[in-house]
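# Fold and geometry: a report
As a plain string of letters, each chain reads:
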Amino acid sequence: MRIFEIFTLLFISCAFLSQAQQKPNIVLIYTDDLGYGDLSCYGANKISTPNIDALASKGLKFNNAFATSSTCTPSRFSLLTGKYAWRKSGTDIAPGDAALIIPTDINTLPKMLQHAGYKTAAVGKWHLGLGPKGGPNWNGEIKPGPLEIGFDYCFLIPATADRVPTVYMENRHIINLDPKDPIQVNYHSKVGNEPTGEENPELLKMKLSDGHAQTIVNGISRIGYMTGGHSARWKDEDLAIDITNKSIEFMEKNKNNPFFLYMATNDIHVPRSPNEKFVGKSGLGPRGDVILQLDWTVGKVVKALDSLGISDNTLIIFSSDNGPVLDDGYADFANEMLNGHQPAGIYRGGKYSAYDAGTRVPFIAYWPGKIKPGVSQAMLSQVDLYHSFAKMNNQKLAADDAPDSFNMLNVLLGKDTKKGRPYIVQHAMNGTLSLIENGWKYIEPAEGPKILPVTNIELGNSKEPQLFHSKVDPKEENNVYQSYPKVLSKMENKLQAIKNK
Ligand code: NG6
Ligand code: CA
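No experiment lies behind these values; they were computed from the predicted model shown. (Residues numbered from 1 in each chain as written. Chains lettered and ligands numbered in written order. Predicted model: local features only at pLDDT ≥ 70, side-chain atom pairs only at ≥ 80, totals over all residues. Heavy atoms only, no water.)

### Considering the coordination of the calcium ion (ligand 2)
Donor atoms from the polypeptide that coordinate the calcium ion (ligand 2) comprise D32 (OD), D33 (OD), D321 (OD), D321 (OD) and N322 (OD1), at 2.2 to 2.8 Å from the metal. If you look at the calcium ion (ligand 2), its six donor atoms make angles of 50 to 177° with each other, and the shape they trace is irregular. Considered as a linear motif, the donors of the calcium ion (ligand 2) on their single chain read D-D-x287-D-N. Highlighted residues: D33 in the loop between β1 (25–31) and α2 (50–58) and N322 in the loop between β13 (314–320) and β14 (363–366), separated in sequence by 289 residues. An identical accessibility class is assigned to D33 and N322; each is buried. (Donors = N, O, S within 2.8 Å, 3.2 Å for Na, K, Ca; no water. Tetrahedral: all angles 85-135°; square planar, octahedral: opposite > 155°, others 65-115°. Helix = DSSP H or I, 4+ residues; strand = E, 2+ residues; numbered from the N terminus. Buried < 20%, exposed > 50% of the residue type's maximum accessible area, 1.4 Å probe, protein only.)

### Digging into the nonpolar core
Grouped together as the largest cluster of nonpolar side chains are 62 residues, with contacts concentrated most on W126, F260, Y262 and F389. No other element matches helix α7 (residues 385–392), which puts five residues into this core. Once you skip the residues sitting within four places of it in the chain, Y262 turns out to touch L28, Y30, R76, L79, A121, A122, V123, K125 and F151. F250, I268, L305 and A357 belong to the second largest nonpolar core, which has 50 residues in total. (Core = buried A, V, L, I, M, F, W, Y, C linked by side-chain atoms within 4.5 Å. Contact = heavy atoms within 4.5 Å.)

### Quick notes on the packing of α2 against helix α6 (residues 286–308)
Packing of α2 against α6 brings their axes to within 7 Å, and their N-to-C directions diverge by 55°. Of the possible angle classes, the one that applies to α2 and α6 is oblique. Across from P50, N51, I52 and L55 in α2, the residues of α6 making contact are L294, D295, W296, V298, G299 and V302. Considered class by class, the residues forming the contact of α2 with α6 number seven nonpolar, two polar and one charged. (Axes fitted to C-alpha atoms, helices over the stretch in contact; angles between N-to-C directions. Parallel < 35°, antiparallel > 145°, perpendicular 65-115°, else oblique. Nonpolar A, V, L, I, M, F, W, Y, C, P; charged D, E, K, R; others polar.)

Shown next, in the form of structure tokens:
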């Protein structure tokens with residue numbers, strides 16, 4: 001063999017080896033308030049989501065995957081820590097000036113991936129608090145935050161789009177902030193003299209149905225008061241575009257090394273303010289239009305991975321933080337323009353609820369060449385992503401790490417499409433826990449209203465225990481706890497044991 005040939009061979013085998021050793025990128029598209037029935041690949045026929053459908057048809061679509069909680073903050077906490085949020089107080093829906101909720105001295109999913117050699121980013125909605133006790137200093141360095149719990153980079157909506165401050169944060173600072181016009185935020189009393197929804201409803205481009213009556217920014221009034229920071233304020237109609245662009249930038253920068261992108265979309269949370277490209281396009285009003293916008297986002301991400309040539313080495317997970325809601329405080333015609341669309345599919349309840357629609361969410365795993373296309377009936381919880389990604393990267397978990405997270409790598413990769421997790425714990429808005437196991441669903445007795453006003457969602461609260469035979473009654477219509485005392489007591493005990501763990 002001539003020297004040239006030897007070198008060529010060496011070169012080829014090195015390239016092959018480095019590709020084989022390259023850890024897979026992970027893109028977690030974590031949507032907000034998207035229901036089980038909101039996508040055409042999950043049976044919707046009043047709206048079409050071709051880009052997400054393509055992920056589902058070329059990847060693995062899960063029919064029994066769950067967020068841990070039926071609201072945002074606790075679902076995100078559980079996903080990133082591998083620990084049920086209800087084990088820790090202060091993890092309910094966070095006000096926009098809350099301090100960082102995830103402790104900096106515990107291991108987290110992004111820290112584990114950093115340790116495995118990944119570059120990690122959080123782009124989009126945060127809603128897990130920022131800064132020290134007492135809340136962040138919006139005009140200075142905002143710390144601790146995502147960078148202290150395992151992310152190398154972040155570009156964030158600090159809380160939610162309906163909470164002040166309505167400005168972007170990049171790494172530890174608010175961007176485009178003019179020091180001569182500092183931001184002030186207050187969640188108790190008015191600061192500055194900008195109009196509020198309560199005092200000046202005539203200035204609103206979107207009317208209110210509940211709450212959200214404080215400072216008006218961009219014609220939309222929010223939860224909380226703010227003043228200043230004018231040059232830093234986002235345009236709601238550009239949120240999806242900005243989040244998509246920053247996500248793609250991060251992927252481009254990191255195309256030669258393994259990366260983890262936690263891409264938390266603002267869509268389809270309120271206020272639903274689609275870009276003009278999508279206004280009126282769904283025929284279902286703004287809620288439908290932002291579903292189309294979300295679908296566009298997914299298409300952009302997939303295209304970017306393709307054009308960077310890294311699709312075959314990237315695992316995309318698509319899911320939602322909790323179930324659907326129609327009227328969530330803004331009068332945006334979500335109910336009036338529903339046109340027969342079923343955001344929760346056949347399931348009962350919705351966002352905030354203990355019934356299945358609160359936490360049963362779309363979940364798709366897509367990895368060309370690695371995950372065989374198909375449909376999975378296996379049970380899976382988002383809390384399992386931490387342990388499963390650790391397994392994928394041969395990372396050992398310490399005894400205290402991710403205590404509620406199971407290794408479900410086989411389920412994610414489609415090697416087990418039938419069984420999955422032995423049980424699911426669901427956590428509702430007022431703290432009620434439910435257990436799904438062996439074809440049954442148990443909801444513990446709870447005080448609290450039956451229906452959440454305005455949203456009109458059944459919360460699932462009942463002073464009596466609730467037991468549904470999910471196998472034959474997936475819609476949770478017949479409470480059969482009196483007929484099955486043995487099943488009931490078994491499930492009560494099991495839930496108690498999980499609580500005591
Ligand atoms: C509720 C808000 C709702 C939404 C929710 C959090 C009112 C009346 N309702 O309190 O609009 O912001 O909190 O949603 O203010 S989540 O998806 O981030 O959990
Ligand atoms: Ca949410």
